[in-house]
Protein chains: 2
Amino acid sequence: MKRLTPSDVLRGKRNVDAGTTQQLAIVERIMADVRSRQDEALLEYTVKFDGATLSQLRVTEEEFVQARQQMKKEDIALLQQAAQRIKTFHEKEQRHSWFQSESNGTMLGQKITPLDAVGVYVPGGTASYPSSVFMNVIPAKVAGVERIVMVSPPGLNGRIPAEVLVAAHIAGVQEVYKVGGAQAVAALAYGTESITSVDKIVGPGNIYVALAKRAVFGVVDIDMMAGPSEIVVLADDTASPKEVAADLLSQAEHDERSSSILVTFSTLLADQVADEVERQVDDLPRKQIAMDSLKQHGAIVVCTSMEQCLEVVNKIAPEHLEIMMKEPLRVLGKVKHAGAIFLGRYSSEPVGDYVAGPNHVLPTNGTARFSSPLGTDDFVKKSSVIYYNEEAFHAQAPDIARFARMEGLEAHARAIEIRMEERE
Amino acid sequence: MKRLTPSDVLRGKRNVDAGTTQQLAIVERIMADVRSRQDEALLEYTVKFDGATLSQLRVTEEEFVQARQQMKKEDIALLQQAAQRIKTFHEKEQRHSWFQSESNGTMLGQKITPLDAVGVYVPGGTASYPSSVFMNVIPAKVAGVERIVMVSPPGLNGRIPAEVLVAAHIAGVQEVYKVGGAQAVAALAYGTESITSVDKIVGPGNIYVALAKRAVFGVVDIDMMAGPSEIVVLADDTASPKEVAADLLSQAEHDERSSSILVTFSTLLADQVADEVERQVDDLPRKQIAMDSLKQHGAIVVCTSMEQCLEVVNKIAPEHLEIMMKEPLRVLGKVKHAGAIFLGRYSSEPVGDYVAGPNHVLPTNGTARFSSPLGTDDFVKKSSVIYYNEEAFHAQAPDIARFARMEGLEAHARAIEIRMEERE
């Protein structure tokens, strides 16, 4: 693994993949086409991009049943258990409406209401994981969203993988369509004959999906743009080099673009982890992916102090941060930016991927500076609620009218004064 | 005011202003220019678009002092009072980190951390209001954001209006730059010699500002795209036609594109309000704006039942909703989509603009279906926190490894098993 100095990291600049002009043009064309020709366009693009000729887009009851039959009973049980744990955590993070009525005669508060309808994009191919279905669907369910629609590109056989359909079923999704890419995003945002539009689209996808989501932002809401997975392990010399190396590799195997970074002030640990990574990578089934990922985006950063380690961590703002130190709580308060923070030796990152409960859809590419894990908050919205009784109104009315006039808004002032006059 | 039938409203479709190709090209050119030539480009665009030749971008201490001297003492006191009320409300809505430690040996929770740096865009000209400065800045302050930067295009005299500077000062903003448009957004997102980049950009602006914000979304976070202001008054025959008309006009005077809609099942009220609007509009200083707005976007919708009224309201998903009915609480639970809900006769919309406390930056153009008022939530982010002790880990480890293998991620399974082996 290559070594970076702290200042290499601290000087780094970030970019967002805005797509090439050509990619943007393709997305625009597809989206305009779906808006005008609707289902017909969806079916044609599914032939063109996914190689599947479908007679209908919606997954049938029979396909759900077959998917269940294809899976081992133990695996289904495992899925059910994981779904339950994820549900439990998200129930805890759920917010509720609140009001405060004051003796001056006002009542102010916030009403929390679930979104009506949400679309979940599930990528096709090797990137489709049942755990991701749970992480996108369960918070929406817990938040109280009534209609959850899943879209996913079919394989060449015209089908969606069994695990994905079973996960959808366990999570309570009945409405699944076999369509992917920018065309699926357009359908979710604008609606077609067979797909009614939704209010928000979540879930990861390739650059075409990301550009399409960006284009419909405002017509519907979208989640963050997902980038490649990242881990930073912040470790002192009490950490086991074997465990640190194994955790770095568990990120590296995801994708060539994943990044796995060790930040430490122990040169001994740095050397030992470098050796261990080389040893362990050798017999991984996804060895090539892991090696490419480590070569391009892996790094070991040796700092001169704990302060500098934390500066580097906060600059990276990693999706996953493991704190493998003697006293992880000692530094927790100094971590400003991270999607998920794993404390101590037994909180290996894969623990958070499946069964712990917190969401594994996390901000990537440094967006933990301003974004949060997916959660129930993403599937509700707030409305302010304002009530003034007669006394409270008259006590503040002159100030309100004066403020309105200061801003040059006479009709605002008069709306107040009309009510003042009626008292006189 | 024109009459619409409920089905006119329910059939309506929405679009988002995606900008013309020409506007997009202008924004791209400006942004690329700011990234390469930085301050030099900012100063040139300020000459070109704002007609102001500046020697430096940052507002000086002296300018703040002069602004204060230009304002009446009573107006400053009014601003301070409003700032205090807005602060009080936002302190109530603030969230805190939470953790739950369970007897099985896990601790799970969420750490809430303020963003490091936020940029607030304040439009120039007649659309710059001190109340908007408060509504954008105070939630960020309450959330704990350390660095808040304001940008606003200067007038021809090279200055920012006194009220805006005084409001900034009261709200605790010291860093203000005289720059607007797409160039200001580029500077906030990427940084220049004199403006250090921020993590999130909020505040309304024209189409160029909106397109620039959309383009940097991902490098930084942005708030929603602000559209023209809207009000729906839901009223029964207990409402005063004078008051309803005055409230409709207080929206209509904002902007020709504002929309003011009465929804009722009382044909009597509908007729009376139509007459009152005509009467009251006549001697408003912003009469022409109000009349244009009412003509293009104003409407009275007479429904046949309360159910239908609510269907219409939820379809519109208005920024502001006044419920001027005998028992407003009776229908509150059926309102699904609205930015702010004003209950009863004395909760006239202007009450919420200045002094009540809840934020007046609200979702427009139907985005209340999925967006919320601006608030402290917009200036913090969450990090999941996951801790497993040895026992909790070993109890779940076999399941985690099995799940990882089901998803084809061997290195994930091994990261778990390395820790299992070390126990044996």
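Just so it is clear, the model here is predicted, and its values are computed rather than measured.

1. A word on the overall build of chain A
Stage number 1. The helix and strand inventory of chain A stands at 17 helices and 14 strands.
Stage number 2. Taken over the C-alpha atoms alone, chain A extends approximately 85 × 60 × 45 Å along its principal axes.
Stage number 3. Of all intrachain contacts in chain A linking residues separated by at least 6 positions in sequence, the fraction that spans at least 24 positions is 74%.

2. Considering the relation of the copies chain B and chain A
Stage number 1. Between chain B and chain A, which share one sequence, the superposing operator has a rotation angle of 180° and an axial displacement of 0.0 Å; the RMSD is 0.0 Å. A rotation of that kind, with that shift, is consistent with a two-fold axis. For chain B, the residue whose C-alpha comes nearest the rotation axis is Arg214(B), separated from it by 3.9 Å.
Stage number 2. Comparing interface residues between copies, 100% of those in chain B also sit at the interface in chain A, which points to an isologous, same-surface contact.

3. As for the packing of helix H16 (residues 390–406) of chain A against helix H17 (residues 410–421) of chain A
The description of two helices packed together rests on the angle between their axes and the distance between the axes.
Residues and elements named next belong to chain A.
Stage number 1. The geometry of H16 relative to H17 is characterised by a closest axis approach of 8 Å and an angle of 160° between their N-to-C directions. For the element pair H16 / H17, the angle class is roughly antiparallel. Between H16 and H17 lies a crossing of left-handed hand. Along the contact surface, H16 presents Phe 393, His 394, Ala 397, Pro 398, Ile 400, Ala 401, Ala 404 and Arg 405, while H17 presents Glu 410, His 412, Ala 413, Ile 416, Glu 417, Arg 419 and Met 420.
Stage number 2. When the residues that make up the contact of H16 with H17 are grouped by side-chain class, the tally is nine nonpolar, two polar and four charged.

4. Observations regarding the interface of chain B and chain A
Stage number 1. The partner chain A presents 124 residues to the 124 residues of chain B that form the contact.
Stage number 2. In this assembly, chain B and chain A are joined by 20 salt bridges.
Stage number 3. Salt-bridge contacts for Lys382(A) lead to Asp377(B); the nearest nitrogen and oxygen are separated by 2.7 Å.
Stage number 4. Taken together, the connections running from chain B to chain A amount to 65 residue pairs in polar contact (both at pLDDT 80 or more).
Stage number 5. A class-by-class count of the residues in the side of chain B that touches chain A yields 58 nonpolar, 28 polar and 38 charged.
Stage number 6. Two elements, strand E14 (residues 380–388) of chain A and strand E13 (residues 340–343) of chain B, share four bridges in a ladder whose sense is parallel.

5. A look at the side chain of Arg286(B)
Residues and elements named next belong to chain B.
Stage number 1. Tracing the sequence through the fold places Arg 286 in the loop between helix H11 (267–281) and helix H12 (287–297).
Stage number 2. At 4.3 Å, Glu 253 is the nearest oppositely charged side chain to Arg 286, a buried residue that forms no salt bridge.
Stage number 3. A polar contact of 3.3 Å, which involves the side chain of Arg 286, links it to the backbone oxygen of His 254.

6. Observations concerning the UniProt feature "binding site: Zn(2+)" (unreviewed entry) in chain A
Stage number 1. The sites that carry the UniProt feature "binding site: Zn(2+)" (unreviewed entry) are, in the present numbering, Gln251(A), His254(A), Asp353(A) and His412(A). Of the residues just listed, which span 162 residues, the most distant C-alpha pair is 57.2 Å apart, and they do not cluster in one region.
Stage number 2. Mapping Gln251(A) onto the fold places it in helix H10 (residues 241–252).
Stage number 3. Gln251(A) sits in the buried class, given a relative accessible area of 0%.
Stage number 4. Non-local contacts of Gln251(A), meaning those with residues more than four positions away in its chain, are made with Ser229(A), Glu230(A), Ile231(A), Ser258(A), Ser259(A), Ser260(A), His320(A) and Glu349(A).
Stage number 5. Along the chain, His412(A) falls in helix H17.
Stage number 6. Apart from the residues lying within four places of it in its own chain, the contact partners of His412(A) are Ala404(A), Ser250(B), Glu253(B), His254(B), Glu349(B), Pro350(B), Asp353(B) and Tyr354(B).

7. What to know about the UniProt feature "binding site: substrate" (unreviewed entry) in chain A
Stage number 1. The UniProt record marks Ser229(A), Gln251(A), His254(A), His320(A), Asp353(A), Glu407(A) and His412(A) with the feature "binding site: substrate" (unreviewed entry), using the residue numbering of this structure. Over a stretch of 184 residues, the named residues are scattered through the fold, their C-alpha atoms separated by up to 57.2 Å.
Stage number 2. Here Glu407(A) shows up in the loop between H16 and H17.
Stage number 3. Glu407(A) gets classed as buried once you look at its relative accessible area, which sits at 9%.
Stage number 4. If sequence neighbours within four positions are ignored, Glu407(A) has contacts with Tyr129(B), Pro130(B), Ser131(B) and Tyr354(B).

8. Some words on unusual backbone geometry
A negative phi angle characterises most non-glycine residues, just as the trans form characterises most peptide bonds.
Stage number 1. Phi is positive for Ala317(A), which is not a glycine, with a value near 50°.
Stage number 2. Inspection of the secondary structure puts Ala317(A) in the loop between helix H13 (306–316) and strand E12 (320–324).
Stage number 3. Ala317(A) sits in the buried class, given a relative accessible area of 0%.
Stage number 4. Unusually for a residue other than glycine, Asn365(B) sits at a positive phi of about 55°.
Stage number 5. Position of Asn365(B) among the secondary structure elements: in the loop between helix H15 (349–354) and strand E14 (380–388).

9. Topic: the packing of aromatic side chains
Residue and element names in this part refer to chain A.
Stage number 1. Scanning the model with the defined rule gives nine aromatic pairs over all chains in all.
Stage number 2. Looking at Arg 35, its charged tip hangs above the ring of Tyr 190, at a distance of 3.7 Å from the centre.
Stage number 3. A cation over an aromatic ring shows up here: Lys 200 above the ring of Phe 379, its NZ or CZ 5.9 Å from the ring centre.

10. Points about the sheet that holds strand E1 (residues 3–4) of chain B
Stage number 1. Spatially, E2(A)-E3(A)-E14(A)-E13(B)-E12(B)-E9(B)-E10(B)-E11(B)-E1(B) is the arrangement adopted by the nine strands of the open sheet, whose pairing is mixed. Whereas interior strands pair on both sides, the edge strands pair on one side only; in this sheet they are strand E2 (98–101) of chain A together with E1 of chain B.
Stage number 2. Pairing of E2(A) with strand E3 (residues 106–114) of chain A involves four bridges; the strand directions are antiparallel. Within E3(A), the residue paired with Ser101(A) across the bridge is Met107(A).

11. Looking at the pairing of strand E3 (residues 106–114) of chain B
All names here are of chain B.
Stage number 1. Counting buried positions along E3 gives eight out of nine residues, so the element sits mostly inside the fold.
Stage number 2. Between strand E2 (residues 98–101) and E3, which pair antiparallel one after the other, the connecting turn spans four residues, and Gly 105 there sits at a positive phi close to 105°.
Stage number 3. With nine bridges connecting them, E3 and E14 associate as antiparallel partners. Its bridge partner being in E14, Thr 106 is matched across the sheet by Tyr 388.

12. Structural notes on the side chain of His320(B)
All names here are of chain B.
Stage number 1. Relative to the helices and strands, His 320 resides in strand E12 (residues 320–324).
Stage number 2. A polar contact is formed between the side chain of His 320 and the backbone oxygen of Glu 230, at a distance of 2.8 Å.
Stage number 3. Side chain to side chain, His 320 and Glu 349 meet in a polar contact 3.1 Å long.
Stage number 4. What His 320 contacts, discounting residues up to four positions off in sequence, is Ser 229, Glu 230, Ile 231, Val 232, Gln 251, Ala 340, Phe 342, Glu 349, Asp 353 and Leu 362.

13. Things to note about the sheet that holds E12(A)
Stage number 1. Spatially, nine strands are ordered E1(A)-E11(A)-E10(A)-E9(A)-E12(A)-E13(A)-E14(B)-E3(B)-E2(B) in an open sheet, and the strand pairing comes out mixed. Edge positions in the sheet fall to strand E1 (3–4) of chain A together with E2 of chain B, since each of these pairs with one other strand and no more.
Stage number 2. In the packing of H13(A) onto the sheet, contacts are made with strand E9 (230–235), strand E10 (259–264), strand E11 (299–302) and E12 of chain A, and the angle to E9(A) comes to roughly 170°.

14. Some details on H16(A)
Stage number 1. Over its 17 residues, H16(A) runs 24 Å from end to end, which matches the ideal 24 Å to within 8%, given 1.5 Å per residue.
Stage number 2. At Gln396(A), H16(A) shows its maximal kink, close to 50°; a proline, Pro398(A), follows between one and four residues later.
Stage number 3. For H16(A), the complete set of buried residues consists of Ala392(A), Phe393(A), His394(A), Gln396(A), Ala397(A), Ile400(A), Ala401(A), Phe403(A), Ala404(A) and Met406(A).
Stage number 4. The inward-facing, buried residues of H16(A) contact E3, E14 and H17 of chain A together with helix H5 (73–93), helix H6 (130–143) and H15 of chain B.
Stage number 5. Sitting at the head of H16(A), Asn389(A) places a side-chain oxygen 3.1 Å from the backbone nitrogen of Glu391(A).
Stage number 6. Once H16(A) ends, the next one or two residues include Gly408(A), with phi positive near 75°.

Criteria and cut-off values
Residues numbered from 1 in each chain as written. Chains lettered and ligands numbered in written order. Predicted model: local features only at pLDDT ≥ 70, side-chain atom pairs only at ≥ 80, totals over all residues. Heavy atoms only, no water. Helix = DSSP H or I, 4+ residues; strand = E, 2+ residues; numbered from the N terminus. Contact = heavy atoms within 4.5 Å. Least-squares fit on C-alpha atoms with pLDDT ≥ 70 in both. Axes fitted to C-alpha atoms, helices over the stretch in contact; angles between N-to-C directions. Parallel < 35°, antiparallel > 145°, perpendicular 65-115°, else oblique. Left-handed = near helix turned anticlockwise from the far one by under 90°. Nonpolar A, V, L, I, M, F, W, Y, C, P; charged D, E, K, R; others polar. Salt bridge = Lys/Arg side-chain N within 4 Å of Asp/Glu carboxyl O. Polar contact = N/O pair within 3.5 Å; in protein donor to acceptor, adjacent residues only side chain to side chain. Pairing = 2+ DSSP bridges. Buried < 20%, exposed > 50% of the residue type's maximum accessible area, 1.4 Å probe, protein only. Lys, Arg positive; Asp, Glu negative; His and termini not counted. UniProt positions renumbered as here; feature names shortened; annotations may be inferred. Phe/Tyr/Trp six-rings, centres within 6.5 Å; stacked < 30°, edge-to-face > 60°. Lys NZ or Arg CZ within 6 Å of the ring centre and 35° of its normal. Expected span 1.5 Å × (residues − 1). Bend = angle between axes of the 7 residues up to and from the residue.

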